Amino acid sequence: MDRSSLLQLIQEQQLDPENTGFIGADTFAGLVHRHELPLDPAKLDMLVALAQSNERGQVCYQELVDLISSKRSSSFKRAITNGQRALPQDGLLDEPGLGVYKRFVRYVAYEILPREVDRHWYFYRHRSCPPPVFMASVTLAQIIVFLCYGARLNKWVLQTYHPEYMKSPLVYHPGHRARAWRFLTYMFMHVGLEQLGFNALLQLMIGVPLEMVHGLLRISLLYLAGVLAGSLTVSITDMRAPVVGGSGGVYALCSAHLANVVMNWAGMRCPYKLLRMVLALVCMSSEVGRAVWLRFSPPLPASGPQPSFMAHLAGAVVGVSMGLTILRSYEERLRDQCGWWVVLLAYGTFLLFAIFWNIFAYDLLGAHIPPPP
């Protein structure tokens, strides 16, 4: 039901004859049952919670419209929190008779969301279409590109040591900074099978559930922001080094998720969360350590500097800042969040600085960059 049809129905039924802006929850619930309106069970529960947060047992008209249209403002969230004692205490784990896909949706809800009210909301309104295509498509494209270059170079580990590898039009190289697409397309290239496997695993295990819950637009924005920040940070802090791999985007997703778990530790119901947190941090730290080792102590003779590790760190910073803001605003409008505009301003300032740096700093500082392949 859209906003206009809801407004028309309320006017026809005269649920608010005095135009007070409030509607009795019992009155509206009776209307739902009489007209057999398709309202999710989770929304009916939240209607009770909204009424419970009001002394007169009424619901603000705007909050009711937001509830029907699945838009949740900050005031809406506060009202739900105040009335949360009226919500059923049964968790989704107690719900019997679920099919395989619905059990997977329930698993995702407990992996990603920290509050039972949000888990109910997501579980009942989730639809399988559109599927989480962004992370799956990026991972598939990375695998295809890796297989093509592996077959062409006949090399599957430490591909960056092959003299033909850096000639790829996808790799970011400081000598090709004018080709702006390389600041993003480097995410499709990888050092070898070990880096691709690590990134693909995290993209599927963490990125796909995040996209299922928060949507394609938000997660793709976070991932690409991490990728772009990674290459730009390398161009500032490690000016002679190229960049390959999707680690900037991967670390943005993982850092955002881990920070969200830590900040909502008591509410997260995922099993073995402490063990998994430690394991994730160890694996991410090991990958950064491997990248540092390859950058400064290459195990094989190389014709130029090896790929930088700074993209990992830049992605982590984007995840803790921009990513955490996105994940904490589940089903809320980001434009209503003051913190979102602060993060956007900071990221935009960084982009402008990095652009001017790439245009002027290399010549002013006399940076000796390796010749482009």
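The rules behind the values
- Residues numbered from 1 in each chain as written.
- Predicted model: local features only at pLDDT ≥ 70, side-chain atom pairs only at ≥ 80, totals over all residues.
- Heavy atoms only, no water.
- UniProt positions renumbered as here; feature names shortened; annotations may be inferred.
- Helix = DSSP H or I, 4+ residues; strand = E, 2+ residues; numbered from the N terminus.
- Buried < 20%, exposed > 50% of the residue type's maximum accessible area, 1.4 Å probe, protein only.
- Contact = heavy atoms within 4.5 Å.
- Areas by Shrake-Rupley, 256 points an atom, 1.4 Å probe, with all protein chains shown as cover.
- Salt bridge = Lys/Arg side-chain N within 4 Å of Asp/Glu carboxyl O.
- pLDDT = per-residue confidence, 0-100.
- Expected span 1.5 Å × (residues − 1).
- Phe/Tyr/Trp six-rings, centres within 6.5 Å; stacked < 30°, edge-to-face > 60°.
- 1 Å grid on protein atoms, 1.4 Å probe; cavity = no way out; pocket = protein on both sides within 12 Å on 5 of 7 lines; lining within 4 Å.
- Points joined across faces, edges and corners; volume = space filled by probe spheres on them.
- Nonpolar A, V, L, I, M, F, W, Y, C, P; charged D, E, K, R; others polar.

The protein chain is annotated in an unreviewed UniProt entry as Rhomboid-related protein 1 from Physeter macrocephalus. As stated in UniProt under Catalytic activity (unreviewed entry), the record for the protein chain gives "Cleaves type-1 transmembrane domains using a catalytic dyad composed of serine and histidine that are contributed by different transmembrane domains."

Colleague: Please set out the overall build of the protein chain residue by residue, giving values where relevant.
Modeller: Along its length, the protein chain carries 15 helices and two strands. Burial statistics for the protein chain: of 373 residues in total, 51% are counted as buried. Across the protein chain, contacts joining residues at least 24 apart in sequence account for 75% of those joining residues at least 6 apart. Total accessible area on the protein chain stands at roughly 18100 Å², and carbon and sulfur atoms take up 64% of it.

Colleague: Go over the pattern of salt bridges with me, naming the residues and quoting the values.
Modeller: For the structure shown, the criterion picks out seven salt bridges. Salt bridges sharing partners connect three or more residues here, namely E194, E287 and R290.

Colleague: Residues and numbers for the confidence of the model for the protein chain, please.
Modeller: Per-chain confidence: the protein chain averages 83 in pLDDT, with 75% of residues scoring 70 or above. Taken element by element, the predicted model of the protein chain shows its lowest mean pLDDT in helix α5 (residues 74-82) (53) and its highest in helix α9 (residues 182-185) (97). A low-confidence stretch, residues 83-89 (pLDDT under 50), is modelled with 16 contacts involving residues beyond four sequence positions or located in other chains.

Colleague: Which residues make up helix α11 (residues 216-237), and what are the values?
Modeller: Between its terminal C-alpha atoms α11 stretches 31 Å, which fits the 32 Å expected from 22 residues at 1.5 Å a residue. Burial within α11 is extensive, with 16 of its 22 residues counted as buried.

Colleague: So what's going on with the packing of aromatic side chains? Residues and values would help.
Modeller: All told, the structure shown has nine aromatic pairs when counted by the stated rule. When the ring of F104 is compared with that of Y107, the centres are 6.2 Å apart and the planes differ by 25 degrees; the resulting orientation is stacked. Of the two residues, F104 and Y107 are both situated in helix α6 (residues 100-112); the distance of three residues between them amounts to about one turn of the helix. Classification of F104 as partly exposed rests on a relative accessible area of 35%. Accessibility expressed as a relative area gives 44% for Y107, which makes it partly exposed. Ring geometry for F134 against Y223: centres 5.9 Å apart, planes inclined by 75 degrees, an arrangement best described as edge-to-face. Here the residue F134 occupies a position in helix α8 (residues 133-153), and Y223 occupies one in helix α11, the gap between them amounting to 89 residues.

Colleague: So what about the UniProt feature "active site" (unreviewed entry) in the protein chain? Which residues, and what values?
Modeller: Those places that UniProt annotates as "active site" (unreviewed entry) correspond, in this numbering, to S247 and H312. Annotated residues spanning 66 residues; largest pairwise C-alpha distance 5.5 Å, indicating a single compact cluster. Of the annotated positions named here, the largest cavity is lined by H312. With respect to the element layout, S247 can be found in helix α12 (residues 247-263). With a relative accessible area of 1%, S247 lands in the buried category. If we skip the residues at most four places from it in the chain, S247 touches Q195, N199, E287 and H312. Apart from the residues within four sequence positions on either side, H312 is in contact with S247, Y251, E287, V288 and A291.

Colleague: Break down empty space enclosed by the protein for me, with residues and values.
Modeller: Considering all chains together, one arrives at two cavities of 30 Å³ or more under this definition. Here the largest cavity defines a volume of roughly 80 Å³. As for the largest cavity, its lining consists of T160, V191, Q195, V244, R290, A291, L294, Q306, P307, S308 and H312. Looking at which element gives the most residues to the lining of the largest cavity, the answer is helix α13 (residues 273-296), with three residues. Of the residues that constitute the lining of the largest cavity, the class distribution is five nonpolar, five polar and one charged. Considering only enclosed or pocket space, the second largest cavity measures out at about 30 Å³ in volume. V145, F146, Y149, Q159, Y165, F188, M189 and H190 together form the lining of the second largest cavity. For the lining of the second largest cavity, the residue count by class is six nonpolar, two polar and no charged.

Colleague: Could you give an account of unusual backbone geometry, naming the residues involved and the relevant values?
Modeller: The linkage connecting C129 with the following residue, P130, adopts the cis geometry, with an omega of 5 degrees. Turning to its location among the elements, P130 is positioned in the loop between α7 (116-125) and α8. The phi angle at L158 is positive, at roughly 55 degrees, despite the residue not being glycine. Within the element layout of this structure, L158 appears in the loop between α8 and α9.

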